[in-house]
Amino acid sequence: MNRTGTLALACAALACASASAEVDWREMVQKCKGITDDGALAICIREGIAKQEAAEQVIQDAANAKAQKEANSVAFLLRESSSSIASTVGPKIGDGGASLSYLRDSLKNTDATVAKMAVFAVWPVPKSWASLQPFAGAAWQRDATKQPKKDTRELTAGMLGPFWATTTGPGTEATTLFTTFQATHRNDRYGTTDGDQLRAQLDWAYEPVSSGRLLGGLAVLPHVAGLVRHRSGGGPEDGVWRSAYAGVAMAKPVDIGQYRFKITWIARKLFDLKVPDGNVKRRDEYSNLSVEYFFTDPGDKNAPWQSSFFISRETGADFLEYGDKVAKTTAGLKLKFR
Amino acid sequence: MATYADVKACAIDVVDDFTEMDLAANYAPAGKANFSAKTKMTSLTINETTLAGMTIRFNKAMGKLCGDSWNKVGSFDMVKLTTVGQCIQLACAKSGTNLPVGEPK
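For the structure given in this document, a descriptive report is provided here. (Residues numbered from 1 in each chain as written. Chains lettered and ligands numbered in written order. Predicted model: local features only at pLDDT ≥ 70, side-chain atom pairs only at ≥ 80, totals over all residues. Heavy atoms only, no water.)

Right, let's talk about the overall build of chain B for a bit. The helix and strand tally for chain B stands at five helices and zero strands. Put simply, chain B runs from its N terminus to its C terminus through helices and strands in the order α-α-α-α-α. In terms of overall size, chain B behaves like a compact globule, its C-alpha atoms giving a radius of gyration of 13 Å where 105 residues would be expected to give roughly 13 Å. Expressed along its principal axes, the backbone C-alpha trace of chain B runs to roughly 35 × 30 × 20 Å. A buried classification covers 61% of the 105 residues belonging to chain B. Taking the contacts inside chain B whose residues are at least 6 apart along the sequence as the reference set, 62% of them involve residues at least 24 apart. Treating the 11 positive side-chain charges of chain B as one cloud and the 10 negative ones as another, the clouds have centres 4 Å apart. (Helix = DSSP H or I, 4+ residues; strand = E, 2+ residues; numbered from the N terminus. Rg over C-alpha atoms; globule rule 2.2 N^0.38 Å. Buried < 20%, exposed > 50% of the residue type's maximum accessible area, 1.4 Å probe, protein only. Contact = heavy atoms within 4.5 Å. Lys, Arg positive; Asp, Glu negative; His and termini not counted. Charge placed at Lys NZ, Arg CZ, Asp CG, Glu CD.)

Right, let's get into the overall build of chain A. When helices and strands are tallied, chain A shows four helices and 13 strands. The buried share of chain A, taken over its 338 residues, is 42%. Partitioning the contacts of chain A with sequence separation of at least 6, the portion at a separation of at least 24 is 54%. Surface summary for chain A: the accessible area is close to 17,800 Å², and the carbon and sulfur share equals 60%. (Areas by Shrake-Rupley, 256 points an atom, 1.4 Å probe, with all protein chains shown as cover.)

Right, let's get into a nonpolar patch on the surface. All names here are of chain A. A cluster of nonpolar side chains, namely Ile263, Trp265, Leu289, Val291, Phe295, Phe309, Ile311 and Leu333, defines an oily patch on the protein surface of about 700 Å² accessible area. Every element with two or more residues in the nonpolar patch is listed here: β10 (261–274), β11 (285–294) and β12 (305–317). Looking at the element boundaries, Leu333 is found in strand β13 (residues 325–337). Residue Leu333 is classed as exposed on the basis of its relative accessible area, which comes to 67%. (Patch = residues over 30% accessible without salt bridge, like charges linked within 9 Å, V, L, I, M, F, W, Y side chains within 5 Å. Salt bridge = Lys/Arg side-chain N within 4 Å of Asp/Glu carboxyl O.)

The next subject is the packing of helix α1 (residues 4–17) of chain B against helix α5 (residues 84–95) of chain B. All names here are of chain B. Following both chains from N to C, one finds α1 and α5 inclined at 130°, their axes separated by 9 Å at the closest point. With respect to α5, the element α1 is oriented oblique. The two elements α1 and α5 meet at a crossing, and its hand is right-handed. In this structure, α1 uses Tyr4, Val7, Lys8, Ala11, Ile12 and Val15 to contact α5, whose residues at the interface are Val84, Cys87, Ile88, Ala91, Cys92 and Ser95. For the contact of α1 with α5, the per-class residue count stands at ten nonpolar, one polar and one charged. (Axes fitted to C-alpha atoms, helices over the stretch in contact; angles between N-to-C directions. Parallel < 35°, antiparallel > 145°, perpendicular 65-115°, else oblique. Left-handed = near helix turned anticlockwise from the far one by under 90°. Nonpolar A, V, L, I, M, F, W, Y, C, P; charged D, E, K, R; others polar.)

This paragraph deals with the interface of chain A and chain B. Each side of the interface is counted separately: chain A has 52 residues, and chain B has 40 residues. Both sides of the chain A and chain B interface together cover about 3,500 Å² of buried area, and 52% of this is carbon and sulfur. Viewed at the interface, chain B and chain A are joined by one salt bridge. Among the ionic pairs, Glu20(B) bridges to Arg213(A), the shortest N-O distance being 2.8 Å. Linking chain A with chain B are 16 residue pairs in polar contact (both at pLDDT 80 or more), by the criterion used here. Where the side of chain A that touches chain B is concerned, the elements lending two or more residues are α3 (38–71), β1 (75–79), β4 (133–143), β5 (150–165), β6 (175–188), α4 (207–210) and β8 (219–231) of chain A. Counting residues per element, the side of chain A that touches chain B draws most heavily on α3(A), at seven residues. Here the residues of the side of chain A that touches chain B are counted per class, giving 24 nonpolar, 19 polar and nine charged. (Buried area = accessible area lost by both parts, 1.4 Å probe. Polar contact = N/O pair within 3.5 Å; in protein donor to acceptor, adjacent residues only side chain to side chain.)

Okay, the layout of surface pockets next. Residues and elements named next belong to chain A. Size it by volume and the second largest pocket reaches roughly 170 Å³. Around the second largest pocket, the lining comprises ten residues; the ones closest to its centre are Met28, Lys31, Glu47, Gly48 and Lys51. Every element with two or more residues in the lining of the second largest pocket is listed here: α2 (25–33) and α3. Taken together, the residues of the lining of the second largest pocket sort by class into four nonpolar, one polar and five charged. (1 Å grid on protein atoms, 1.4 Å probe; cavity = no way out; pocket = protein on both sides within 12 Å on 5 of 7 lines; lining within 4 Å. Points joined across faces, edges and corners; volume = space filled by probe spheres on them.)

Here the focus is the state of the cysteines. Scanning the entire structure with this criterion turns up one disulfide over all chains. Here Cys32(A) is linked by a disulfide to Cys44(A), with a sulfur-sulfur distance of 2.1 Å. Looking down the S-S bond of the Cys32(A) and Cys44(A) bridge, the torsion is -85°, so its handedness is left-handed. In this pair, Cys32(A) sits in helix α2 while Cys44(A) sits in helix α3, placing the two residues twelve residues apart along the sequence. Free cysteine: Cys92(B), not disulfide-bonded; nearest cysteine sulfur from Cys66(B) at 8.8 Å. (Disulfide = S-S within 2.5 Å.)

In structure tokens form, the structure reads like this:
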């Protein structure tokens, strides 16, 4: 191989390598170019390559140390409510980002804030545990545009993950049971929904159905749950409420614009099993159908923010959030911090 | 201690178990080389639910390979993965295996 060819190869190799290491390969090539002896030229090129590789190794070592530290550290998530943590498992239904709005009515000279925020810390799975991942969080829900105002603060802790599967070996027909155990303490500043709550939810995933493989991309995930609430807000509803709910979550990415549309639907029905004296057993239903268009690739988990436009139709009472019965359509822009 | 090649092969093998496509046999540079670290999970019909459920199998296979050096993964860790390469990176990070320069490919 002639000198030009050798230099070109070295240049190409160094140029390629310099994508991940900041070594001035052009200076090296210029240095080697002036050498007339072939043996000395080869040594010069080898030195350049060795220097480049050493620089890359330093960068890689730092990246490895950082990745290993991050993978075994506490992670933080921002969501819209304390109950939305469970949707980390499943087709992301109800997995809305946090929002904080400030409204000013200049005619009435009044201010109002609307907040839907929850911050979660997620710990690595302890070695002695199965595969359940522990979490804890704090949530703030405020709507000062309503009368009476709504303002609740919650502290929550629990664990979630798959705890049983039909097979732990090869097989695409697996059935997996996911569980969410969650305890929540609630403080209601303007209402009477203060108290404590325990929730145990089971999501049943039959892989061909939950992956969408069997139904043309439509992912289906049914769930059942038990709910125990001890209300202590000073109202007639004070006491222990034992309830169960069952429902289904579905999601379908639509093949337009690189899967940037996503249709999701969640439906749940609540059954009160035992209520405090003087209260009527509820049979509440809740449904939320939503269509979302993502401005960025929803699959890009490295993007710190994800923006989308959504339109959703909500009916019934969102009993997990102590919501009133509604029949409303909402549209807007969503910004989600990962 | 497991080598990078062992960890990579094991991670690919686990993902292969959850797709009907023959990922392991056709992973670059072997086979028809249809798949690489850049292969998206969605193209293997693996969504977030499947990833979350992969946790048990992943912990079992990697625990067997790496022994005590394996730190278990959870559903929160798994649902973040969008490519096979990210799965290999997670396996390395959780097992304390150093990723060589230029990997995962």
